[in-house]
Amino acid sequence: DAKTTQPNSMESNEEEPVHLPCNHSTISGTDYIHWYRQLPSQGPEYVIHGLTSNVNNRMASLAIAEDRKSSTLILHRATLRDAAVYYCILQETSGSRLTFGEGTQLTVNP
Amino acid sequence: DTAVSQTPKYLVTQMGNDKSIKCEQNLGHDTMYWYKQDSKKFLKIMFSYNNKELIINETVPNRFSPKSPDKAHLNLHINSLELGDSAVYFCASSWTRGNTIYFGEGSWLTVV
C-alpha cells in the first residue's frame, strides 16, 4: 500500500480556516485520495475523496497538487465539533481496502 | 436509523472466555468489514466480506472467526480471549466498487 505522511497534530482557532496537509510521494496514477476523520469515541467518518481534480462538498474541500504527490484538506471555518483525528488514505482502486495511517490530531480552540 | 450498528457497545470479559460481536447494516451494501483499533489508536483491517464471501483475511489469529449469514450482517466471534485482544472493534460497510466506507460506532472490548 502506498504510504501517506501527515503531521501528528495541528491546532486551530474556532471559525478560522484549517489546512491539513498530506504527503503521498509514492502515489500511483490510479490511487484515490481519501480523507476520513474520527471524533472521540466514535467510528471513522468519511469526509471527502478525489483523484486528480480539487473537490468540494458540504464538509470540506480537497486540494490536490498537480503532481498528486501531496494534498490538503481544507475546513473553511473550524468549529469545536471538528476536533478529531483526520486520516489521509490512498485507495488503490475504487472499492479496494483502505489502510489507515496515524492521522493528524486536530485541536480547535474556542 | 443507524446505518451500521454493532452490539454490544461495551464488553468486559475474562481471559479464556468466548464472545461475539454482532454487526448489521441497513444501507444495502454488499461488502462488510471488521477493523481493530488498538490502544495506540492504529486502525487495522481484519476481515472483509463481499456478498457473504470472505475476500480479505489479514494476519489475524484463527481464534477470530467472522460469520456472514447474509449481506446485511457480519458477526465476529472470538475464542479463548487474551489480554491483547482488548481493543475497539469497528464494523463497516460499503459497495464493492464504492469509494465510501461507513463505520459503526465501535465495540469496546476489555479482557481482564
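Residues numbered from 1 in each chain as written. Chains lettered and ligands numbered in written order. Predicted model: local features only at pLDDT ≥ 70, side-chain atom pairs only at ≥ 80, totals over all residues. Heavy atoms only, no water.

Once that is clear, we can look at the overall build of chain B. Counting secondary structure elements, chain B contains zero helices and eleven strands. In chain B, the succession of α and β elements from N to C terminus is β-β-β-β-β-β-β-β-β-β-β. Taken over the C-alpha atoms alone, chain B extends approximately 40 × 25 × 25 Å along its principal axes. Partitioning the contacts of chain B with sequence separation of at least 6, the portion at a separation of at least 24 is 54%. Surface accessibility of chain B: about 5800 Å² in total, with carbon and sulfur atoms responsible for 49%. Across chain B, the 12 positively charged side chains and the 11 negatively charged ones have centroids separated by 3 Å. (Helix = DSSP H or I, 4+ residues; strand = E, 2+ residues; numbered from the N terminus. Contact = heavy atoms within 4.5 Å. Areas by Shrake-Rupley, 256 points an atom, 1.4 Å probe, with all protein chains shown as cover. Lys, Arg positive; Asp, Glu negative; His and termini not counted. Charge placed at Lys NZ, Arg CZ, Asp CG, Glu CD.)

So, about the sheet that holds strand β1 (residues 4-7) of chain B. Residues and elements named next belong to chain B. Taken in spatial order, the four strands line up as β1-β3-β8-β7 in an open sheet, and their pairing is antiparallel. One side of each edge strand has no neighbouring strand; the edge strands of this open sheet are β1 and β7 (64-70). Averaged over all pairs of adjacent strands, the angle between their axes in this sheet comes to 20 degrees, without regard to strand direction. Here β1 runs beside strand β3 (residues 19-25); their pairing, made up of four bridges, is antiparallel. Among the inter-strand pairings, Ser 5 is bridged to a residue of β3, identified as Glu 24. (Pairing = 2+ DSSP bridges. Axes fitted to C-alpha atoms, helices over the stretch in contact; angles between N-to-C directions.)

Next up on the list: the pattern of salt bridges. Working definition: two side chains of opposite charge can pair if their charged atoms are close together. Following the criterion strictly, the structure yields six salt bridges over all chains and no others. One salt bridge connects Glu 15 of chain A with Arg 77 of chain A, and the closest N-O pair in it is separated by 3.2 Å. Taken as a pair, Glu 15 of chain A in the loop between β1 (9-13) and β2 (18-23) and Arg 77 of chain A in the loop between β7 (70-75) and β8 (84-91) lie far apart in primary sequence, 62 residues in all. Side by side, Glu 15 of chain A and Arg 77 of chain A carry an identical accessibility label, which is exposed. For the salt bridge of Glu 82 of chain B with Arg 63 of chain B, the shortest nitrogen-to-oxygen distance reads 3.5 Å. In this pair, Glu 82 of chain B is assigned in the loop between β8 (73-78) and β9 (87-94) and Arg 63 of chain B in the loop between β6 (53-57) and β7, connecting sequence segments 19 residues apart. Judged by relative accessible area, which is 41%, Glu 82 of chain B ranks as partly exposed. Given a relative accessible area of 14%, Arg 63 of chain B falls into the buried group. (Salt bridge = Lys/Arg side-chain N within 4 Å of Asp/Glu carboxyl O. Buried < 20%, exposed > 50% of the residue type's maximum accessible area, 1.4 Å probe, protein only.)

This paragraph deals with the interface of chain B and chain A. On the side of chain A, 18 residues touch chain B, which itself brings 21 residues to the contact. Both faces considered, chain B and chain A share a buried interface measuring about 1600 Å² in area, 51% of it formed by carbon and sulfur atoms. By the criterion of area lost to chain A, the three top residues of chain B are Leu 43, Asn 99 and Phe 103 of chain B, representing 35% of everything that side buries. For the interface between chain B and chain A, the tally reads zero salt bridges. There are three residue pairs in polar contact (both at pLDDT 80 or more) connecting chain B and chain A. Of all the secondary structure elements, the ones that give two or more residues to the side of chain B that touches chain A are β4 (31-37) and β5 (43-50) of chain B. With three residues, β4 of chain B is the largest single contributor of residues to the side of chain B that touches chain A. Taken together, the residues of the side of chain B that touches chain A sort by class into ten nonpolar, six polar and five charged. (Buried area = accessible area lost by both parts, 1.4 Å probe. Polar contact = N/O pair within 3.5 Å; in protein donor to acceptor, adjacent residues only side chain to side chain. Nonpolar A, V, L, I, M, F, W, Y, C, P; charged D, E, K, R; others polar.)

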